[in-house]
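Residues per chain, in single letters:
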Number of protein chains: 4
Amino acid sequence: MPQSDTKKPRRTPRQQRSQETVEVILQATAQVLAEHGYAKSSTNRIAKRAGVSVGSLYQYFPNKDALFQALIERHVSAQNDAFSALFSISLGSPPPVLITQAVRALVASHQVQPELHLLLISQLGGLEQAAELLTLDTRAIQALEAYFRVQSKSLRPMENPRLVAEVIVFAVEAVVHRSLMERPDKLDDPAVERELIRLVEGYLLPGTAPAVQGVEPPETP
Amino acid sequence: MPQSDTKKPRRTPRQQRSQETVEVILQATAQVLAEHGYAKSSTNRIAKRAGVSVGSLYQYFPNKDALFQALIERHVSAQNDAFSALFSISLGSPPPVLITQAVRALVASHQVQPELHLLLISQLGGLEQAAELLTLDTRAIQALEAYFRVQSKSLRPMENPRLVAEVIVFAVEAVVHRSLMERPDKLDDPAVERELIRLVEGYLLPGTAPAVQGVEPPETP
Amino acid sequence: MPQSDTKKPRRTPRQQRSQETVEVILQATAQVLAEHGYAKSSTNRIAKRAGVSVGSLYQYFPNKDALFQALIERHVSAQNDAFSALFSISLGSPPPVLITQAVRALVASHQVQPELHLLLISQLGGLEQAAELLTLDTRAIQALEAYFRVQSKSLRPMENPRLVAEVIVFAVEAVVHRSLMERPDKLDDPAVERELIRLVEGYLLPGTAPAVQGVEPPETP
Amino acid sequence: MPQSDTKKPRRTPRQQRSQETVEVILQATAQVLAEHGYAKSSTNRIAKRAGVSVGSLYQYFPNKDALFQALIERHVSAQNDAFSALFSISLGSPPPVLITQAVRALVASHQVQPELHLLLISQLGGLEQAAELLTLDTRAIQALEAYFRVQSKSLRPMENPRLVAEVIVFAVEAVVHRSLMERPDKLDDPAVERELIRLVEGYLLPGTAPAVQGVEPPETP
DNA sequence: AATGAATGAGCATTCATTCAT
DNA sequence: GATGAATGAATGCTCATTCAT
């Protein structure tokens, strides 16, 4: 099983025809991945599904993993675009506005090809390249942390703004994600988004939330 | 690829020797899975690592997936035990106690073989049997929902208690999970748990967060 | 032992090269079958003998049995051709002519690759597909039965023409077959054919053959 | 796959218990052979079916093929007994009596465990030891030939009595055999036996069949 | 004698990749 | 550029046989 090293597309196709071929191959890759899973997604199968020869497939992708790599990259890129479109936040926005925007941006970015998103996570989670799927989270965390530091006076006191940012992003992201897993259309119901905003507001805004006190765990027998 | 149907262990070994063999094989399975990933985890490789013959492996497991299935089952079982040990909640507990206990139980159940947990999630996410990995969440969600219904007067008003329970469990679970991914010992720092308790309290306790108000998203260009 | 369903050749090769490959593989199959028997005829062994890679073998045959299936089909087809060439009988032919032709056609059809014939019968008798090896008999039986019904006046009286046809075909076929087993060239001696014609004539033509009378079997002690 | 040379039972069991074990194992062998075919009849499967351990099986049979060998031997022996019981012929019997007896003996010897007979022929035809299944034919041929030489005056002239004996035995045997294949109870109908007697009488008795004359085969195009 | 756990060579089949056309 | 036949290492799994208990 000879395998080259690069995971990059072999050539950036500049001609119309080539672009289409690449497109067709990636579509087929996603389909085959969805139908058969990573382990059973053979290059020959993908090529046949795409209606091209294996040889052609290898003209554009140096090896099997490059296909999935490309799939991930495109998806991450689309997701980032969706996020950026909504999260054009200014550091001066008041917290409630910021929170609403952040939640909406995170939700929206997961409504971009949600089936593909789940597919990539579930099937390619083991691949090294899958780390890229977390790009968006990193971006969001950094943006939030920066905002917290600037707006610290309008927010509840924080020991570790970075940790708070992580908690928010991970939590929102997970709820969105798991909602999609349950039913791909669950996010169409605005209730989810509303709950998330409540969750984040209750966590960030200075309020009457009682201080955390020690509660002893029960005896472990 | 001949494959039998069952994913169940082929025989329940009663003798000392057999028990050990099974143990050794499962250990090897986890190791190989960690080192090579699901796709490259061949039964021959696992057997060699375990120091037994392939034949022996197949004496106890009817096929490859049964190995991973067994790994999952054992882990889920251990996790459930850890959860149960802490989450012996009564429906009459006051919210702050309940919240603390719930968060602690969720955190603790993820400190059982955390590397294995991440491994199973990332590598076996695509497998059908992986659904079992979510068992714990379901349990926790149901328990919380029941509690909310009983204690509705001590909590902030909820439109959909089930959704609220999901939000909490998914959120806590994800923060724990992602913390482990970052650094397997990140949970040793009590700060994470503290933040989670704050998150859930802010979300559940009454009189805290201001009502959600409409915030218009920016124009999508 | 993963096995696809079809027993049909995977692709009908149109190109010269492919045709040759298929030919070479089938030749090798017959050789290995002859030398090692069905149980020990592995696809790897066949491929090696054919001088191609296993992969190539599987490009043309979906599984092991398809190889033997193809072998049987080709042989049955050749046999049928040989039979048809001689058995162009008209329903009006006088019995002696018909009998001679029928016996000759049956003998001739077993002189087509007689070693292969015996090989297929002995080694593949247990396979489902081996039923096809009996195609010729069915054809011959039907033709004879039809003839008997038309020519009943020129023949001895028959209670059950179908049974008579079966007796003749099975008998002739068996003698031919077993003669080949004894010595592959035994049929070169015209004596066998002569005896068979005598056998059939004595059975079919109206003559002095005494009626069957009851003969008591000896006492079983 | 270590395989010893002998095909003989390892020990002739003299004790009651052992005899039963052997019996049970051979019964299981026949069952498994019938259900799964030769290739899939594993010793472990047979042992399990017999309710003994593989080890015990190997105590009585040195290797897999010895099982089938024993099965064949028993069957041939039973068949021979049945044949002998009916074919206690004297060289002085008149032809019609001899013919009837011979046909009846051949038919009867195939009614001993007919399913097993077909099973052994179809599944074990490729084995060397299967030659033994033809023992009966040899015996019958020799007996007939001897009879022909003594009774030549009561029979039609023969160039080659041995060949005539072969023709008869092969023919009768084949009709019996193929009748069983069609329907295991077809021999219950006395019509088959009647036809066979007619066949042999027409072939052997004098003054019946007209001489064989040359009939030209049609031109092969 | 009987058991059945263990062995490991061998088998059918797949699949990433190459390359002659 | 495109094609698809060819390659052969690797995989999941079976099974005849042995041997410690």
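Sequence order as written defines the numbering, with residues in each chain counted from 1. For this description, chains carry letters from A and ligands carry numbers from 1, given in the order in which they are written. Reporting of local features is limited, given that this is a predicted model, to residues whose pLDDT is at least 70; pairs of side-chain atoms are given and counted only at 80 or more, and all residues count toward the totals for whole chains, interfaces and linings. Calculated side-chain values reflect all of the structure's heavy atoms, with hydrogen atoms and water omitted.

Enquirer: Kindly report on the overall build of chain A, identifying the contributing residues and their values.
Expert: Only DSSP runs of H or I with at least four residues qualify as helices, and only runs of E with at least two residues qualify as strands; both kinds are numbered from the N terminus onward. A tally of helices and strands in chain A yields 9 helices and 0 strands. Helices (α) and strands (β) of chain A occur, in sequence order from the N terminus, as α-α-α-α-α-α-α-α-α. Note on classification: 1.4 Å probe, protein chains only; a residue is buried when its accessible area is under 20% of the maximum for its type, exposed when over 50%, partly exposed between these limits. Taken over 221 residues, chain A has a buried fraction of 50%. Residues are treated as being in contact if the distance between any of their heavy atoms lies within 4.5 Å. The contacts in chain A between residues at least 6 apart in sequence include a share of 72% that link residues at least 24 apart.

Enquirer: Before we move on, can you summarise the interface of chain A and chain B with the specific residues and values?
Expert: In this complex, chain A contributes 54 residues to the contact, which on the side of chain B involves 56 residues. Any Lys or Arg side-chain nitrogen located within 4 Å of an Asp or Glu carboxyl oxygen qualifies as a salt bridge. R156 of chain B is paired through a salt bridge with E195 of chain A; the nearest N and O atoms lie 3.1 Å apart. Contacts described as polar in this section are N or O atom pairs within 3.5 Å, which, within protein, must combine one atom able to donate a hydrogen with one able to accept it, while residues neighboring in sequence count only if both atoms come from side chains. The tally of links from chain A across to chain B stands at 14 residue pairs in polar contact (both at pLDDT 80 or more). Those elements giving two or more residues to the side of chain A that touches chain B turn out to be α4 (64-86), α5 (95-109), α6 (114-124), α8 (161-182) and α9 (190-204) of chain A. Take the side of chain A that touches chain B: its biggest share by element is 13 residues, from α8 of chain A. Basically, the charged four are Asp, Glu, Lys and Arg, the nonpolar ten are Ala, Val, Leu, Ile, Met, Phe, Trp, Tyr, Cys and Pro, and anything else, Gly included, counts as polar. Its residues placed into classes, the side of chain A that touches chain B shows 28 nonpolar, 10 polar and 16 charged.

Enquirer: So what's going on with the interface of chain D and chain C? Which residues, and what values?
Expert: Accessible area lost upon the coming together of the parts serves often as the stated size of an interface. In this complex, chain D contributes 57 residues to the contact, which on the side of chain C involves 54 residues. Accessible area, probed at 1.4 Å, shrinks when two parts are joined; the buried area is that loss added up over both. The junction of chain D with chain C conceals about 4,800 Å² of combined surface from both sides, 64% of it contributed by carbon and sulfur atoms. Counting across the chain D and chain C interface gives 11 salt bridges. Linking chain D with chain C are 14 residue pairs in polar contact (both at pLDDT 80 or more). Only α4 (64-86), α5 (95-109), α6 (114-124), α8 (161-182) and α9 (190-204) of chain D provide two or more residues apiece to the side of chain D that touches chain C. Looking at which element gives the most residues to the side of chain D that touches chain C, the answer is α8 of chain D, with 13 residues. Partitioning the side of chain D that touches chain C into residue classes produces 30 nonpolar, 11 polar and 16 charged.

Enquirer: Would you mind going over the relation of the copies chain D and chain C in detail, with residue names and values included?
Expert: Copies are brought into register by a least-squares superposition over C-alpha atoms of residues with pLDDT of at least 70 in both. With an RMSD of 0.3 Å, the operation that places chain D on chain C is a rotation of 179 degrees combined with a shift of 0.1 Å along the axis. Seen this way, the second copy is the image of the first under a two-fold rotation axis.

Enquirer: I'd like a rundown of the environment of N160 of chain B, residues and numbers included.
Expert: Tracing the backbone through its elements, the reader meets N160 of chain B in the loop between α7 (135-150) and α8 (161-182). As a C-alpha pair, N160 of chain B and S90 of chain B span 70 residues in sequence and 22 Å in three-dimensional space.

Enquirer: Summarise empty space enclosed by the protein; cite the residues concerned and give the values.
Expert: Any empty space left between the atoms is revealed when a probe the size of a water molecule rolls over them. Residues and elements named next belong to chain D. Definitions used throughout: a 1 Å grid over protein atoms alone; a cavity as a set of points that fits a 1.4 Å probe which cannot get out; a pocket as an open set with protein on both sides within 12 Å along at least five of seven lines; a lining residue as one with an atom within 4 Å of a point. Grid points are joined across faces, edges and corners, and a volume is the space filled by probe spheres set on the points. Counting across every chain of the model gives 5 cavities of 30 Å³ or more. Considered as a void within the structure, the largest cavity measures approximately 90 Å³ in volume. Around the largest cavity, the lining is made up of 14 residues, and of these A102, V103, L106, L144 and I168 lie nearest the centre. Those elements giving two or more residues to the lining of the largest cavity turn out to be α5, α7 (135-150), α8 and α9. The greatest single-element share of the lining of the largest cavity, amounting to 5 residues, is contributed by α5. For the lining of the largest cavity, the per-class residue count stands at 14 nonpolar, no polar and no charged.

Enquirer: A description of the relation of the copies chain A and chain B should follow, citing residues and the corresponding values.
Expert: With an RMSD of 0.3 Å, chain A superimposes on chain B once it is rotated by 179 degrees and translated 0.1 Å along the axis. Counting the interface residues of chain A, we find that 100% of their copies in chain B are interface residues as well, pointing to one common contact surface.

Enquirer: Give me the lowdown on helix α7 (residues 135-150) of chain C, citing residues and values where you can.
Expert: In a helix, the anticipated span is given by 1.5 Å times the number of residues less one. Counted at 1.5 Å a residue, the expected span for α7 of chain C with its 16 residues is 22 Å, and the 23 Å between its end C-alpha atoms agrees. On its buried face, α7 of chain C is in contact with α4 (64-86), α5 (95-109), α8 (161-182) and α9 (190-204) of chain C together with α8 of chain D.

Enquirer: Quick one: what's the story with the confidence of the model for chain A, residue by residue and with numbers?
Expert: Note: predicted coordinates in regions of low pLDDT should not be interpreted at a detailed level. All names here are of chain A. Of all residues in chain A, 86% have pLDDT values of 70 or greater, and the mean over the chain is 87. As a per-residue measure, pLDDT tells how confident the predictor is, with possible values from 0 to 100. Note on residues 1-5: pLDDT under 50 across the span, and 4 contacts to partners over four residues away in sequence or across chains. Confidence drops under pLDDT 50 across residues 217-221; counting only partners more than four residues distant or on other chains, this segment forms 7 contacts.

Enquirer: Explain unusual backbone geometry to me, and be specific about the residues and the numbers.
Expert: All names here are of chain A. Positive phi, close to 45 degrees, is recorded for Q113, a residue that is not glycine. Mapped onto the fold, Q113 is located in the loop between α5 and α6. Owing to a relative accessible area of 41%, Q113 belongs among the partly exposed residues under this scheme.

Enquirer: Tell me what's going on with the pattern of salt bridges, and back it up with residues and numbers.
Expert: All names here are of chain A. Evaluation of the coordinates by the stated rule reveals 55 salt bridges over all chains. The partner of E193 in a salt bridge is R104, with the nearest N and O atoms 2.9 Å apart. With E193 in helix α9 and R104 in helix α5, this residue pair connects regions lying 89 residues apart in the sequence.

Enquirer: An account of the packing of aromatic side chains is requested, with residue identities and associated values reported.
Expert: For Phe, Tyr and Trp, rings pair up if their centres lie within 6.5 Å, where Trp contributes its six-membered ring, and each pair is then called stacked (planes under 30 degrees apart), edge-to-face (over 60) or tilted (otherwise). For the structure shown, the criterion picks out 12 aromatic pairs over all chains. A positively charged side chain is recorded as over a ring if its NZ (Lys) or CZ (Arg) lies within 6 Å of the ring centre. The angle to the ring normal must also be within 35 degrees. For K64 of chain B, the ring lying beneath its charged end belongs to Y38 of chain B, and the centroid distance is 4.9 Å.

Enquirer: Describe α9 of chain C, and please don't skip the residues or the numbers.
Expert: The first and last C-alpha atoms of α9 of chain C sit 21 Å apart over 15 residues, in line with the 21 Å expected at 1.5 Å per residue. Most of α9 of chain C is tucked away, with 12 of its 15 residues classed as buried. Contacts made by the buried residues of α9 of chain C are with α5, α7 and α8 of chain C together with α8 and α9 of chain D.

Enquirer: I'd like a rundown of the packing of α4 of chain A against α6 of chain A, residues and numbers included.
Expert: Residues and elements named next belong to chain A. α6 packs onto α4 with a crossing angle of 135 degrees between their chain directions and a minimal axis gap of 11 Å. In terms of orientation, α4 lies oblique with respect to α6. As α4 runs across α6, the sense of the crossing is left-handed. Seen from α4, the contacting residues are F68, L71, I72, H75 and Q79; seen from α6, they are L116, H117, L120 and L124. In this analysis, axes come from line fits to C-alpha atoms, helices being fitted only over the stretch in contact, and the angle between any two N-to-C directions falls in the range 0 to 180 degrees. Orientation is classified from the angle alone, with under 35 degrees giving roughly parallel, over 145 giving roughly antiparallel, 65 to 115 giving roughly perpendicular, and any other angle giving oblique. In this scheme the crossing of two helices becomes right-handed for a clockwise turn of the near helix relative to the far one and left-handed for an anticlockwise turn of less than a right angle.

Enquirer: Report on the environment of R178 of chain A, specifying residues and quantitative values.
Expert: All names here are of chain A. Along the chain, the position of R178 falls in helix α8. Classification of R178 by relative accessible area gives buried; the value is 14%. C-alpha of R178 to C-alpha of L118: the two residues are 60 residues apart in sequence and 9.5 Å apart in space.

Enquirer: Please give an account of the packing of helix α4 (residues 64-86) of chain B against helix α5 (residues 95-109) of chain B that cites residues and values.
Expert: When two helices pack together, their arrangement is given by the angle between the helix axes and the distance between those axes. All names here are of chain B. Viewed as axis vectors pointing N to C, α4 and α5 meet at an angle of 155 degrees, and their least axial separation amounts to 8 Å. Taken as axis vectors, α4 and α5 run roughly antiparallel relative to one another. Viewed along their axes, α4 and α5 form a crossing whose handedness is right-handed. Judged by residue contacts, Q79, A82, F83 and L86 of α4 engage Q101, R104, A105, L106, A108 and S109 from α5. Residues of the contact of α4 with α5, tallied by class, amount to 6 nonpolar, 3 polar and 1 charged.

Enquirer: If you had to explain the side chain of S93 of chain B to someone new, which residues and values would you point to?
Expert: Residues and elements named next belong to chain B. With respect to the helices and strands, S93 occurs in the loop between α4 and α5. Residue classification places S93 among the buried positions, given a relative accessible area of 13%. Not counting chain neighbours up to four residues away, the residues in contact with S93 comprise Y147 and Q151.

Enquirer: Help me get a handle on the environment of V103 of chain A, residues and values and all.
Expert: Residue and element names in this part refer to chain A. Note that V103 resides in helix α5. Measuring from C-alpha to C-alpha, the distance between V103 and R149 comes to 19 Å, with 46 residues separating the pair along the chain. Among all residues touching V103, those that are not within four sequence positions of it are E193, L196, I197 and V200.

Enquirer: How would you summarise the side chain of H110 of chain C if you had to cite specific residues and measurements?
Expert: All names here are of chain C. Considering the arrangement of structural elements, one finds H110 in the loop between α5 and α6 (114-124). A distance of 3.5 Å separates the side chain of H110 from the side chain of H117, its partner in a polar contact. Apart from the residues within four sequence positions on either side, H110 is in contact with Q79, H117, E173, V176 and L180.

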